[in-house]
Amino acid sequence: MIQAQDLTKVYQMGDSEVHALNGASFTIDEGEMVAIMGPSGSGKSTLMSIIGCLDVPTSGKYELDGLAVENMGESQLAEIRGRKIGFVFQQFNLLARTSALENVMLPLTYAGFSGKEREERARKALERVGLGDRTHHAPNELSGGQQQRVAIARALVNEPSILLADEPTGALDSKTGVEIMELFQSLHKDGGQTVILVTHDTFVARHANRIIRLSDGKIVSDEINQNPIKAGTPRTEE
Ligand SMILES: Nc1ncnc2c1ncn2[C@@H]1O[C@H](COP(=O)(O)OP(=O)(O)O)[C@@H](O)[C@H]1O
Ligand SMILES: [Mg+2]
């Protein structure tokens, strides 16, 4: 599903260059659940924005579902994002004073669905994340964990092939963060959803089936996690 070869990303900062990615190569198959770890500044978000077609690499090849993405322009990238990618962010990024249902309906606005269809799909997505009874609550009437669930429903409503989450538990307390990871696990197990997430929390990462570690823009390890942490397991250190 994803084939990345020798990805580099260089940001121009005035007269100096920042090498955010230094030749990252990997493949990710459909249905995997992958955690990307690494210290701050190691290139995790840069990598996620390339995987998610928000940006293109400076050099290297990136193929998504057989499409060569590395030379695409903004309108083609936007089209691929809308069809294939669901994004979840650390800070939820929900519209305030707007109900959960309307927040989740937003990505369907330009997809050519009738109002009724949009509402039905959004309702289903909210049910999938366990918020079928909170459709009319605004973000400030929901807990942090519930807000992140709304954001996950919004990411799922287009039925994307890949769900990308950059530090999805970073703004949550550790118990709520683990509940969000259990939700990703169930979307992955029950729906076969491909999930790629960034975290710097080892316990969070160990919920995934594969852990990729980045350092200075390079992949320093890429391991299958034989025993992903199961729902209800108490937090342990390493
Ligand atoms: N838009 C940008 N312009 C310039 N430098 C950037 C930009 N985005 C990220 N960087 C730099 O690239 C490096 C990697 O950043 P990032 O991918 O955000 O790392 P991480 O998510 O692992 O903390 C850092 O040195 C960061 O300062
Ligand atoms: Mg980051």
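Just so it is clear, the structure is predicted and the values come from calculations on it, not from any experiment.

Student: What am I meant to see in the site of ligand 1 here?
Tutor: Surveying the vicinity of ligand 1 reveals the residues Tyr-11, Met-13, Val-18, Ala-20, Pro-39, Ser-40, Gly-41, Ser-42, Gly-43, Lys-44, Ser-45 and Thr-46. Within the side chain of Thr-46, a nitrogen or oxygen atom sits 2.6 Å from an oxygen atom of ligand 1. For ligand 1, the protein covers 62% of the area, taking 560 Å² as the surface of the free molecule. Elements supplying a minimum of two residues to the shell around ligand 1: β1 (2-13), β2 (16-28) and α1 (44-51). No other element matches α1, which puts three residues into the shell around ligand 1. Among the residues forming the shell around ligand 1, the class breakdown is five nonpolar, six polar and one charged.

Student: Even after reading the chapter, I still don't get the sheet that holds strand β8 (residues 194-198), so can you show me in this structure?
Tutor: The pairing of strands in a sheet happens through backbone hydrogen bonds and is either parallel or antiparallel. Here we have six strands laid out as an open sheet, ordered β6-β7-β8-β3-β9-β10, and mixed in their pairing. Edge positions in the sheet fall to β6 (85-89) and β10 (218-224), since each of these pairs with one other strand and no more. Averaged over all pairs of adjacent strands, the angle between their axes in this sheet comes to 15 degrees, without regard to strand direction. As judged from the four bridges shared by strand β3 (residues 33-37) and β8, these two strands associate in the parallel manner. Looking at β8, one finds that Ile-36 is bridged to Val-198.

Student: Which parts of the structure should I look at to understand the packing of helix α5 (residues 144-156) against helix α6 (residues 174-191)?
Tutor: Two numbers describe a pair of packed helices, the interaxial angle and the distance between the axes. Look at α5 against α6: their axes get within 10 Å of each other, and the N-to-C directions meet at 25 degrees. Taken as axis vectors, α5 and α6 run roughly parallel relative to one another. As for the relative orientation of α5 and α6, their crossing is right-handed in sense. On the side of α5, the interface is formed by Gly-145, Gln-148, Arg-149, Ile-152 and Leu-156, while α6 contributes Thr-176, Glu-179, Ile-180, Leu-183, Phe-184 and Leu-187. Its residues placed into classes, the contact of α5 with α6 shows six nonpolar, three polar and two charged.

Student: I would appreciate a short explanation of the pairing of strand β4 (residues 59-64) in the present structure.
Tutor: Looking along a regular strand, one sees the side chains alternate between the two faces of the sheet. Here five bridges tie β1 to β4, and the two strands are oriented antiparallel to one another. Among the inter-strand pairings, Ala-4 is bridged to a residue of β4, identified as Tyr-62. Here β4 folds back onto strand β5 (residues 67-68), and the loop between the two strands holds two residues, one of which, Asp-65, carries a positive phi near 50 degrees.

Student: Before we go on, may I ask you to explain α1 in this structure?
Tutor: Since the α-helix turns once every 3.6 residues, residues separated by three or four places project in the same direction. Here α1 lies mainly inside the structure; seven of its eight residues are buried. Every buried residue belonging to α1 is among Lys-44, Thr-46, Leu-47, Met-48, Ser-49, Ile-50 and Ile-51, and all of these are buried. In the segment just after α1, Cys-53 is the residue with positive phi, at about 60 degrees.

Student: How do you make sense of the pairing of strand β9 (residues 210-215) when you look at a structure like this?
Tutor: Sheet topology note: the β3/β9 ladder contains four bridges and is parallel. Directly across from Val-34, in β9, lies its bridge partner Arg-210. Taken together, the six bridges between β9 and β10 define a ladder with antiparallel strand orientation. Its bridge partner being in β10, Ser-215 is matched across the sheet by Lys-218. Counting the residues that bridge the hairpin from β9 to β10 gives two residues, and of these Asp-216 lies at a positive phi of roughly 50 degrees.

Student: Could you clarify how one ought to interpret the side chain of Arg-154 in this entry?
Tutor: With respect to the secondary-structure elements, Arg-154 resides in helix α5. With no salt bridge to any partner, buried Arg-154 finds its closest opposite charge in Glu-102, at an N-O distance of 13 Å. Dropping the residues within four chain positions of it, Arg-154 is found in contact with Phe-92, Asn-93, Leu-94, Asn-103, Val-104 and Pro-107.

Scoring rules and cut-offs
Sequence order sets the numbering: in each chain, residues are counted from 1 along the sequence as written. Starting at A for chains and at 1 for ligands, labels are handed out in the order in which the entities are written. Predicted model: local features are reported for residues with pLDDT of at least 70 only, side-chain atom pairs are reported and counted for 80 or more only, and whole-chain, interface and lining totals are derived from all residues. To obtain the side-chain values, all non-hydrogen atoms of the structure were used and water was disregarded. Here, proximity means that at least one heavy atom of the residue falls within 4 Å of the molecule or strand. The definition of a polar contact used here is a pair of N or O atoms within 3.5 Å, where within protein one atom must be able to donate a hydrogen and the other to accept one, and adjacent residues in sequence count solely through side-chain atom pairs. The method behind every accessible area is Shrake-Rupley, applied with a 1.4 Å probe, and residues are considered shielded solely by the protein chains displayed. By the criteria applied, helices consist of DSSP H or I runs no shorter than four residues and strands consist of E runs no shorter than two, each listed in order from the N terminus. Each residue is assigned to one of three groups, with Ala, Val, Leu, Ile, Met, Phe, Trp, Tyr, Cys and Pro labelled nonpolar, Asp, Glu, Lys and Arg labelled charged, and all others, Gly among them, labelled polar. Strands are treated as partners if at least two bridges between them are detected by DSSP. Angular values range over 0 to 180 degrees, each being the angle between N-to-C directions of two axes fitted as lines to C-alpha atoms, with helices fitted over their stretch in contact. Oblique is the label for every angle not falling under 35 degrees (roughly parallel), over 145 degrees (roughly antiparallel), or within 65 to 115 degrees (roughly perpendicular). Should the near helix be turned anticlockwise from the far one by less than a right angle, the crossing is left-handed, and should it be turned clockwise, the crossing is right-handed. Should any heavy atoms of two residues lie within 4.5 Å, those residues are considered in contact. Relative accessibility decides the category of a residue: with a 1.4 Å probe and only protein chains considered, values under 20% of the type maximum give buried, values over 50% give exposed, and everything between is partly exposed. Asp and Glu count as negative and Lys and Arg as positive, but His and the ends of the chain are not part of the count. By salt bridge we mean one thing: a side-chain nitrogen of Lys or Arg within 4 Å of a carboxyl oxygen of Asp or Glu.

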